[in-house]
Amino acid sequence: MNRNNRTPDQLATDIIAGDRIRRSNDLSLFLTAPLEELQEGAGRLQRHFCGKHIDFCTIINGRSGRCGENCKYCAQAACHHTGIDEYGFLPKEEIIRNARANQEAGANRFAIVTSGRALTGRDFDKAIETYKEMKRTLTIDLCASHGLLTREQLHRLHEAGVTSYHHNIETSRRFFPQICTSHTYDDRIRTIKMAQEEGFCVCSGGIIGMGETWEDRLDMALSLQELGIESIPINALMPIPGTGMEGRPQLPAEDILRTIAFFRYINPTANIRLAAGRKLLPQNGATAFETGASASITGNMLTTSGTTIKEDMQMLKDLGLTNKDEDCTAATGTCGAH
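Thresholds applied
Residues numbered from 1 in each chain as written. Predicted model: local features only at pLDDT ≥ 70, side-chain atom pairs only at ≥ 80, totals over all residues. Heavy atoms only, no water. Helix = DSSP H or I, 4+ residues; strand = E, 2+ residues; numbered from the N terminus. Contact = heavy atoms within 4.5 Å. Buried < 20%, exposed > 50% of the residue type's maximum accessible area, 1.4 Å probe, protein only. Pairing = 2+ DSSP bridges. Expected span 1.5 Å × (residues − 1). Polar contact = N/O pair within 3.5 Å; in protein donor to acceptor, adjacent residues only side chain to side chain. Axes fitted to C-alpha atoms, helices over the stretch in contact; angles between N-to-C directions. Parallel < 35°, antiparallel > 145°, perpendicular 65-115°, else oblique. Left-handed = near helix turned anticlockwise from the far one by under 90°. Nonpolar A, V, L, I, M, F, W, Y, C, P; charged D, E, K, R; others polar. Phe/Tyr/Trp six-rings, centres within 6.5 Å; stacked < 30°, edge-to-face > 60°.

**Q** Help me understand the environment of Glu 246 in this model?
**A** Tracing the sequence through the fold places Glu 246 in the loop between β7 (231–236) and α9 (253–266). Residues within four places of Glu 246 in sequence aside, it is in contact with Ile 240 and Pro 241.

Quick look at the structure:
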């Protein structure tokens, strides 16, 4: 069969056998195939590479607001007026208490996320102290999201017990200047590569629904594959009043589900992670967990409400899935679960 004329089912079979999607392939199938057929193939890939395992991470907004960057979608940018709570780095005890509660509720990993171009100075030192204490007293895996860090900072984080670093590319290289001009796409790529060189599992994805094209979404999926990203959060824009994206129409569920499906074909061994916008999906994403998505953020998002861990654990039980690592059968042995 011509490699450029495969059905979704045949493409899934070939990927399971070792084939991979490249930029040179005809990608039109992902945009023209019936959604149900595309989802069936994505579900096959998910079951083959990730088994019944769904990886759940939780986050805490460790420092909020007052960010000097101008990302149009972000409620925490100082140039926007969104009325969110603004505060400095949280006390260590509050963060650890939150992490312990999430661990006991069944989450696989816990991340501190901070606003700003980069976490520096005394706030960064506080973060290191907090991670060290969590590593010493908890068993939950630790993730960090602190912006454009230096290599030395990334090294200190890794030594403190953090195993995953989150840093989105957000969109395609072409569209990035339309959403942010205070730093560049290459700044983000450089940080990702340094984190990988320090030994982190990198979590990187983006936002759909900001005005990008379908080709931009495909480009983002391919760029993440080329970077070797193991965990890919897909956010559907939730337009926040006061931001540069205020008033944008919310994406239909079918567009989100199609994006999740073709991200699975292009990144078959990665964790495709539901993030913001889950409530736009049928049954709060239950269908997505069987048609490409093998992970999710759970609990509260940064500035928008998510679902509770208890609700998600019940959803897994109802779907016959599990959050236990031993059921993950990815080709990498981890499916992005670190």
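**Q** Just to check I follow, could you spell out the pairing of strand β1 (residues 55–63) for this structure?
**A** Side chains on a regular strand alternate between the two faces of the sheet. Counting buried residues along β1, 9 of its 9 residues qualify, which places the element largely inside the surrounding structure. In the sheet, β1 pairs with strand β9 (residues 295–297) via 3 bridges, with the strands oriented parallel. Counted as the bridge partner of Cys 57 is Ile 297 from β9. Note: β1 against strand β2 (residues 109–114), 6 bridges, orientation parallel. Paired with Thr 58 across the bridge in β2 is Phe 110.

**Q** Could you clarify how one ought to interpret helix α8 (residues 214–227) in this entry?
**A** Across its 14 residues, α8 extends 20 Å between first and last C-alpha, which sits within 8% of the 20 Å expected from 1.5 Å per residue. Most of α8 is tucked away: 10 of the 14 residues are buried. Within α8, the full set of buried residues consists of Asp 216, Arg 217, Leu 218, Met 220, Ala 221, Leu 222, Ser 223, Leu 224, Gln 225 and Leu 227. If you follow the buried residues of α8, they end up packed against α2 (29–32), α7 (185–197), β6 (206–208), β7 and α9. Sitting at the amino-terminal end of α8 is Thr 213, which places a side-chain oxygen 3.3 Å from the backbone nitrogen of Glu 215.

**Q** Explain unusual backbone geometry to me, please; I cannot follow it from the model alone.
**A** Excluding glycine, residues mostly carry a negative phi; peptide bonds, for their part, are mostly trans. The phi angle at Gln 283 is positive, at roughly 55°, despite the residue not being glycine. Following the sequence through the fold, Gln 283 ends up in the loop between β8 (271–274) and β9. The phi dihedral of Asn 284 falls on the positive side, at around 55°, and the residue is not glycine. As for its position among the elements, Asn 284 is in the loop between β8 and β9.

**Q** Whenever I open this one, the packing of helix α3 (residues 35–50) against α9 confuses me. Can you help?
**A** The axes of two packed helices give the description: the angle between them and the distance between them. Between α3 and α9, whose axes approach to 9 Å, the crossing angle comes to 45°. Overall, the two elements α3 and α9 adopt an arrangement that is oblique. Judged by the sense of rotation from one axis to the other, the crossing of α3 with α9 is left-handed. Across from Leu 35, Glu 37, Leu 38, Gln 39, Gly 41, Ala 42, Leu 45, Gln 46 and Cys 50 in α3, the residues of α9 making contact are Glu 254, Leu 257, Arg 258, Ala 261, Arg 264 and Tyr 265. Tallied by class, the residues present in the contact of α3 with α9 amount to 8 nonpolar, 3 polar and 4 charged.

**Q** What is the right way to read the packing of aromatic side chains from this model?
**A** Where two aromatic rings form a pair, the distance of their centres and the angle of their planes describe that pair. Under the definition given, this model contains 7 aromatic pairs. Between Phe 30 and Phe 262, the ring centres sit 5.9 Å apart and the planes meet at 40°, which makes this aromatic pair tilted. Pair noted here: Phe 30 is in helix α2 and Phe 262 is in helix α9, with a separation of 232 residues, a long-range link. A ring pair is formed by Phe 176 and Tyr 185, whose centres lie 6.0 Å apart and whose planes are at 70°; its orientation type is edge-to-face. For the pair Phe 176 and Tyr 185, a shared accessibility class is recorded, and that class is buried. By the ring-pair criterion, three or more aromatic residues cluster together here, those being Phe 30, Trp 214, Phe 262, Phe 263 and Tyr 265.

Interpretation note: all reported values are geometric properties and have no functional meaning in isolation.
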